[in-house]
Amino acid sequence: MIAQKSLIGVAALALLALGGGAFYWWRGSDVPRIDPDDKVQVAQGQVVYRAQCARCHGANLEGQPNWKERQANGRLPAPPHDASGHTWHHPDSDLFGIAKHGLAPYAPPGYQSDMPAFDGVLSDDQIAAVLAYIKSTWPPDIRERQARINAQAAQQ
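Computed from a prediction, not measured in an experiment: that's the story for all the values here.

Calculation rules
- Residues numbered from 1 in each chain as written.
- Predicted model: local features only at pLDDT ≥ 70, side-chain atom pairs only at ≥ 80, totals over all residues.
- Heavy atoms only, no water.
- Helix = DSSP H or I, 4+ residues; strand = E, 2+ residues; numbered from the N terminus.
- Buried < 20%, exposed > 50% of the residue type's maximum accessible area, 1.4 Å probe, protein only.
- Contact = heavy atoms within 4.5 Å.
- Salt bridge = Lys/Arg side-chain N within 4 Å of Asp/Glu carboxyl O.
- pLDDT = per-residue confidence, 0-100.
- Core = buried A, V, L, I, M, F, W, Y, C linked by side-chain atoms within 4.5 Å.
- 1 Å grid on protein atoms, 1.4 Å probe; cavity = no way out; pocket = protein on both sides within 12 Å on 5 of 7 lines; lining within 4 Å.
- Points joined across faces, edges and corners; volume = space filled by probe spheres on them.
- Nonpolar A, V, L, I, M, F, W, Y, C, P; charged D, E, K, R; others polar.

**Q** Describe the overall build of the protein chain, listing the residues and the values that go with them.
**A** Helix and strand counts for the protein chain stand at six helices and zero strands. Its helices and strands in sequence order give the protein chain the pattern α-α-α-α-α-α, from N to C terminus. Burial statistics for the protein chain: of 156 residues in total, 32% are counted as buried. Taking the intrachain contacts of the protein chain between residues at least 6 apart in sequence as the baseline, contacts between residues at least 24 apart amount to 54%.

The following block contains the structure:
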């Protein structure tokens with residue numbers, strides 16, 4: 001009887017903690033849900049990506065040629081968003097922020113980039129959909145590694 005009451009108490013605390021965490025995430029996060037397994041969100045993201053991102057990052061997320069080498073103007077070409085690039089090395093919150101606000105808030109002072117800010121051009125949901133599309137193309141091991149990066153970022 002005591003063990004059963006203890007189990008019920010632990011379960012109640014776990015539900016309370018889970019509910020509190022979900023409420024905090026819902027109220028405290030300005031990043032919409034990014035779900036690479038949501039076929040509707042991914043399809044929307046693919047359409048937006050083709051219209052807004054592919055001209056620089058490539059139709060197949062391959063980035064611009066020689067993306068690791070500075071151009072004559074000192075800026076780096078657009079990197080790939082496929083598994084060969086470094087997009088997956090960043091948490092969703094940073095990726096969302098870069099797409100929305102541009103690279104300046106995330107780069108060293110004085111860093112110059114051709115990456116535009118899409119705030120006022122795309123809605124938050126459209127940005128999240130593009131990220132869901134990009135993530136949907138990554139192999140499972142890369143998605144798992146990026147999920148760990150997200151988890152680490154959430155703890156900070």
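**Q** So what's going on with the pattern of salt bridges? Which residues, and what values?
**A** For the structure shown, the criterion picks out six salt bridges. Residue D114 pairs with R75 through a salt bridge whose shortest N-O separation is 2.6 Å. Placement of D114 in the loop between α4 (92-101) and α5 (124-136) and of R75 in the loop between α3 (54-57) and α4 is noted, with a sequence separation of 39 residues between them. Across the salt bridge formed by K100 and D124, the nearest N and O atoms sit 2.9 Å from each other. One end of the pair, K100, is in helix α4; the other, D124, is in helix α5, with 24 residues separating them in the sequence.

**Q** Mind laying out the confidence of the model for the protein chain, listing which residues take part and the relevant values?
**A** On average, residues of the protein chain score 85 in pLDDT, and 81% of them are at 70 or above. Note on residues 5-28: pLDDT under 50 across the span, and four contacts to partners over four residues away in sequence or across chains.

**Q** I'd like a description of the nonpolar core, backed by residues and values.
**A** Side chains that are nonpolar tend, in soluble globular proteins, to be buried together. The biggest cluster of nonpolar side chains holds 23 residues, and the ones touching the most others in it are I34, Y49, I127, V130, L131, Y133 and I134. Counting residues per element, this core draws most heavily on α5, which supplies seven residues. Those residues in contact with Y49, other than ones at most four positions away along the chain, are A54, H57, G58, A59, L61, H81, V130, Y133 and I134.

**Q** Quick one: what's the story with the layout of surface pockets, residue by residue and with numbers?
**A** Approximately 890 Å³ is the volume attributed to the largest pocket. Lining the largest pocket are 39 residues, and of these H57, P79, H81, I98 and M115 lie nearest its centre. Residue assignment for the lining of the largest pocket shows that the elements contributing at least two residues are α2 (39-52), α3, α4 and α5. A per-class count over the lining of the largest pocket returns 24 nonpolar, 10 polar and five charged.

**Q** Explain unusual backbone geometry to me, and be specific about the residues and the numbers.
**A** Positive phi, normally seen in glycine, also occurs at L61, with a value near 65°. If you trace the backbone, L61 turns up in the loop between α3 and α4. Overall, L61 belongs to the buried group, its relative accessible area being 3%. The backbone of N66 sits at a positive phi, close to 55°, despite the residue not being glycine. On the secondary structure map, N66 appears in the loop between α3 and α4. The exposure class assigned to N66 is exposed, which follows from its relative accessible area of 52%.

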